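# Survey of secondary and tertiary structure
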Amino acid sequence: AKWDDPPNTNVALADAGIPGSLPRLNPECVGIAARAILGLNGKVQKQSSFDRKHYFYSDQPLGFQITQQRSPIGRGGKVSLGHNEGLDYTKDIRIHQLQLEQDTAKSVHDVYPGYVLTDLNRAGVALLEIVSEPDIETPEEAALYVRKMQTLLRHIRVSHCNMEEGSMRCDVNVSVYRNSDHRLSGTRCELKNLNSLKVIRGAVSAEIRRQIETIESGNPVEQETRGFDARQGKTFVIRSKEDAPDYRYMPEPDIPEIHLTDEWIEAARLALPELPEVALARIQEQYGLSKETVETILAEPGCVDLFEDTARGRNAKTVASWITSEVFGQLSYRAQRLQDSMLTSGQLSGLIDALETKSVTSAQAKKLLIAYMNGETQS
Amino acid sequence: MDEFGMGSKNEFSIYGATRNPCEQTPEVGGSKERHQPHRHSPGGSSGGSAAAVASGMCRIALGSDTGGSVRLPAAWCGVVGFKPTYGRVSRHGLAAYGSSLDAIGVMARSVCDVRAAFHVMSVSDPRDMTCMSSKLRRRIESFTGSREWTKHVDWENGATKASKPLDGVRIGIPKEFWVDELSLSALESWKSGAQRLADLGCEIVQVSLPHIPSSLPAYYTLAFAESSSNLARYDGIRYGTRSNQLPAKSNGSNASYKYANTRSEGLGSEVQRRILLGTYVMTASASEQYHVLAQKIRRLIQKDFDSVFALPNVLALDGADPPGPAVADRPKGVDALLFPTATDTAPLLGTLAQNPVTGYVNDIMTVPANLAGIPAVSVPVDIDSTGMPVGLQLAAQFGDDDLLLSIAAHLQSQFV
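An account of the accompanying structure is given in this report. (Residues numbered from 1 in each chain as written. Chains lettered and ligands numbered in written order. Predicted model: local features only at pLDDT ≥ 70, side-chain atom pairs only at ≥ 80, totals over all residues. Heavy atoms only, no water.)

## Some words on the overall build of chain A
Per the secondary structure count, chain A includes 10 helices and 16 strands. Along the longest, intermediate and shortest principal axes, the C-alpha atoms of chain A span 75 × 55 × 50 Å. Counting over 379 residues, chain A shows a buried share of 43%. In chain A, 62% of the contacts between residues at least 6 apart in sequence involve partners at least 24 apart. (Helix = DSSP H or I, 4+ residues; strand = E, 2+ residues; numbered from the N terminus. Buried < 20%, exposed > 50% of the residue type's maximum accessible area, 1.4 Å probe, protein only. Contact = heavy atoms within 4.5 Å.)

So, in structure tokens, the structure goes:
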């Protein structure tokens, strides 16, 4: 199943709410959640459970969402921002909790006027929601936090974290306060449907401006759910407090509690790949490469392995250069991810060796690379 | 069947009420009958199944028992109605009412047939996460199998091979079920049932389940809450009937109004009543006072049962292996409980009082077993002075379905 399959072609009985159907927890999702929690330095909870969150909406076929309100699978953790992200200070953005929950269906407006169309393909699919503590204080920090989260989660194979595809989504809560007041004294507004880092930055800036203007003109900030109009550079109301539903949380009776053992959690920890920050320092040191080069390599999932396999016994700078300019250039041309490409480290190694011994010219080597990436396996 | 399983008398069906085949009417289907003012309820909500078995249309019928919906109609129609331990039979395919209470039950004219059907259905199912795994089933089996003093309880065809086949079995009479509403016929059959079990060799003792009086309000709070949740999906969008009336407002954010016409037209009045009550007890302002409290009472009722049964509750053992000698030495506690299935025999249809809530009191004898998830069975024992059947109920510890059915078979054989 793919994210852009035709509507209503990937529907399970339980996701359509067919009477008699029952939900099932996918154990793989528990494993993925544990990886994410450990990668973020959080604590995997040995016991967690599910709840039903009730509200009626066209994208909610059962009239409730299965989520983890009382007892989430992960607590704590952090994302560190600093010089590597281009800031001239360092700061930890702490994570409050991580929870597993169901995705909703997709509502499509504006296709048939007067109708809302519902696509159930993604309904019921597991999501991992990561809730931060209110440590973020600028629009820039918000965007950097999300970007760093993307890099990390891609690296440990939790998700593609692709905002265009919807494999990562982002809601931001914003409030302001006077210096003389308590940090969290302001009324929060939730900004939803922010689908790129640029939009996050813009939306948060716009909302801060709006809230300050509201307060300075003597009015209170109302608790609302708002969206961002990128063209106008302003946020707008989606839902006001009066329309906010009472979710009537109830323990989910169809899914038993999750019980994890210390052994299981430890095994998950050992199976984690080397975390990006650790790899960044080590590869610079071990191969004498620049920080920018290593960052470029780290940013592409699977690239570290390709680099290290190829660089063994060879000139690291040459290998790095081939990867970051030629290979990445080809990937970009094909709109492909490295993980989906056919190129092997064996092929790349052979190519670089041949260049070294001058058995091929630079131009021929580039042609060879293209052939390899087309799937041809000549030597 | 009452609509969505919501009813105790089989009155709430858009297809009309079901008749109780045990009533003393001259002809079924004849013109005389249509003018007959007295029509008895078969019970509910699985009254159709009970009526079918009682009238000989079939040998075995299934029902769902959330608060007594298999046992009550079985008692009122004079057949056997069995509610297994929660999780024995998969709920996949059962339109959910109260997910933590629902159990698929079996009805037949003999316990023998009930047991045969039950054994076929009692298997693990990965499609239902609350259905007992094979591992848990084996654990329960080794647990109950290690119990020395019931090993001799002969099941085979229910016939007494020994003069005292239930020698050593201890039956508890819970005093909290002796309620004011109990009719003379219910009381009489309760005493008579206890006497017959004693004749078979049982030791009869009185026990106390102190929180039973709170079980009815706790049950209805939880059942209605869960059903309001499980019935939220009936909105006419993906299946089912949809109202022709257009929604009232066109405000995009609040979608409940879009479903209101469909649900008001498509759901019966009793169903709507229960959904509204269930929704209410889960609202932020009421939840602590009703829903959370009901869950706590439920836990206390489960503990009450655990305190009177000789067999520990395998769920409370937390991964420990079945205790060896402790279970082998006859501990304190009873092996099964005996009490009536209903406060009276089948009432007349149409006698539902102005306040439908008074009908809920019928369930007072049956809901505790659903709250605790323990197995319970109604056995036909008697006929009252008006000729209507009386049922007696046996309940056992969580997972102890086979022993329960053995005792039930012996009890039934005493009244045939």
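Additional details are given in the paragraphs that follow.
## A closer look at the state of the cysteines
The tally for this structure, following the rule as stated, stands at zero disulfides over all chains. Considering cysteine sulfurs only, cysteine 112 of chain B is the nearest to cysteine 202 of chain B, which forms no disulfide, with 19 Å between them. (Disulfide = S-S within 2.5 Å.)

## Quick notes on the sheet that holds strand S12 (residues 189–194) of chain A
All names here are of chain A. The strand order across the open sheet built from four strands is S11-S12-S13-S14, with neighbouring strands paired in mixed fashion. Because the sheet does not close on itself, it has two edges, and the strands there are strand S11 (170–174) and strand S14 (234–240). With direction set aside, neighbouring strand axes in the sheet form an average angle of 30°. Together, S11, S12, strand S13 (224–229) and S14 form the strand contacts of helix H3 (residues 197–216), whose direction differs from that of S12 by roughly 155°. (Pairing = 2+ DSSP bridges. Axes fitted to C-alpha atoms, helices over the stretch in contact; angles between N-to-C directions.)

## Brief notes about the nonpolar core
In terms of nonpolar packing, the biggest core is built from 86 residues, with Leu197 and Leu338 of chain B touching the most fellow members. Element by element, the count of residues in this core is highest for helix H13 (residues 401–415) of chain B, at eight residues. Filtering out sequence-adjacent residues up to four positions away, leucine 338 of chain B remains in contact with Ile171, Gly172, Ile173, Pro174, Trp190, Gly193, Ala194, Leu197, Leu392, Gln393, Leu394 and Leu411 of chain B. Counting residues in each nonpolar core, the second largest holds 51 residues, with Ala33, Ala36, Val204 and Leu260 of chain A among its members. (Core = buried A, V, L, I, M, F, W, Y, C linked by side-chain atoms within 4.5 Å.)

## Points about the interface of chain A and chain B
Contact with chain A, which involves 32 residues of that partner, is made by 37 residues of chain B. Summed over both partners, the interface of chain A with chain B buries about 2800 Å², with 58% contributed by carbon and sulfur atoms. The largest per-residue losses of area from chain A upon contact with chain B belong to Leu22, Phe56 and Arg248 of chain A, which jointly make up 22% of the total buried on that side. Across the contact surface, chain A and chain B share one salt bridge. Across the pair arginine 91 of chain B and aspartate 254 of chain A runs a salt bridge whose closest N-O atoms are separated by 2.7 Å. Where chain A packs against chain B, one counts 12 residue pairs in polar contact (both at pLDDT 80 or more). Looking at the side of chain A that touches chain B, its residues break down into 19 nonpolar, six polar and seven charged. (Buried area = accessible area lost by both parts, 1.4 Å probe. Salt bridge = Lys/Arg side-chain N within 4 Å of Asp/Glu carboxyl O. Polar contact = N/O pair within 3.5 Å; in protein donor to acceptor, adjacent residues only side chain to side chain. Nonpolar A, V, L, I, M, F, W, Y, C, P; charged D, E, K, R; others polar.)

## A closer look at the packing of aromatic side chains
A ring pair, where both rings are aromatic, is described by two values, the distance of the centres and the angle of the planes. All names here are of chain B. All chains considered together, the criterion is met by 13 aromatic pairs over all chains. An angle of 10° between the planes, with centres 4.1 Å apart, marks the rings of phenylalanine 177 and phenylalanine 339 as stacked. Of this pair, phenylalanine 177 sits in the loop between strand S4 (170–174) and helix H6 (184–199) while phenylalanine 339 sits in strand S6 (residues 336–340), and the two are 162 residues apart along the sequence. For arginine 196, the ring lying beneath its charged end belongs to phenylalanine 415, and the centroid distance is 4.4 Å. (Phe/Tyr/Trp six-rings, centres within 6.5 Å; stacked < 30°, edge-to-face > 60°. Lys NZ or Arg CZ within 6 Å of the ring centre and 35° of its normal.)

## Re the pattern of salt bridges
All names here are of chain A. A complete count under the given rule lists 39 salt bridges over all chains for this structure. Put simply, glutamate 207 and arginine 210 hold a salt bridge, and the shortest N to O gap is 2.9 Å. With glutamate 207 and arginine 210 both in helix H3 and three residues apart, the pair spans about one turn of that helix. For the pair glutamate 207 and arginine 210, a shared accessibility class is recorded, and that class is buried. A salt bridge links arginine 226 to glutamate 224, with the nearest nitrogen and oxygen atoms 2.6 Å apart. Residues arginine 226 and glutamate 224 agree in their burial class; the two are buried.

## Quick notes on helix H7 (residues 303–311) of chain A
Residue and element names in this part refer to chain A. For H7, the buried fraction is high: seven of the nine residues fall into the buried class. Regarding H7, the residues found buried are Cys303, Val304, Leu306, Phe307, Glu308, Thr310 and Ala311. Where the residues of H7 are buried, they touch helix H2 (139–155), helix H5 (276–287), helix H6 (291–299), helix H8 (316–334) and helix H9 (345–356). Directly after H7, the chain includes glycine 313, whose backbone phi takes a positive value near 75°.

## Focus on the side chain of arginine 210 of chain A
Given a relative accessible area of 19%, arginine 210 of chain A falls into the buried group. Leave out the neighbours within four places in its chain, and arginine 210 of chain A touches Cys189, Val221, Glu224, Arg226 and Thr235 of chain A.

## Digging into the pairing of S14 of chain A
All names here are of chain A. Sheet analysis places S13 next to S14, joined by six bridges and oriented antiparallel. From the neighbouring strand, glutamate 224 faces S14, where its bridge partner is serine 240. Taking the residues that link successive antiparallel strands as the turn, the S13-S14 hairpin has four residues, and the phi of glycine 233 there is positive, at about 70°.

## Quick word on the environment of alanine 354 of chain A
Residue and element names in this part refer to chain A. Tracing the sequence through the fold places alanine 354 in helix H9. On the basis of relative accessible area, alanine 354 is assigned to the buried category, the value being 17%. When the C-alpha atoms of alanine 354 and alanine 365 are compared, they prove to be 8.2 Å apart, with 11 residues separating the residues in sequence. Residue contacts for alanine 354: discarding those within four places in its chain leaves Ser359 and Val360.

## What to know about unusual backbone geometry
The residue after glycine 44 of chain B, namely serine 45 of chain B, is reached through a cis peptide bond having omega 10°. Relative to the assigned elements, serine 45 of chain B resides in the loop between helix H1 (31–34) and helix H2 (47–54).

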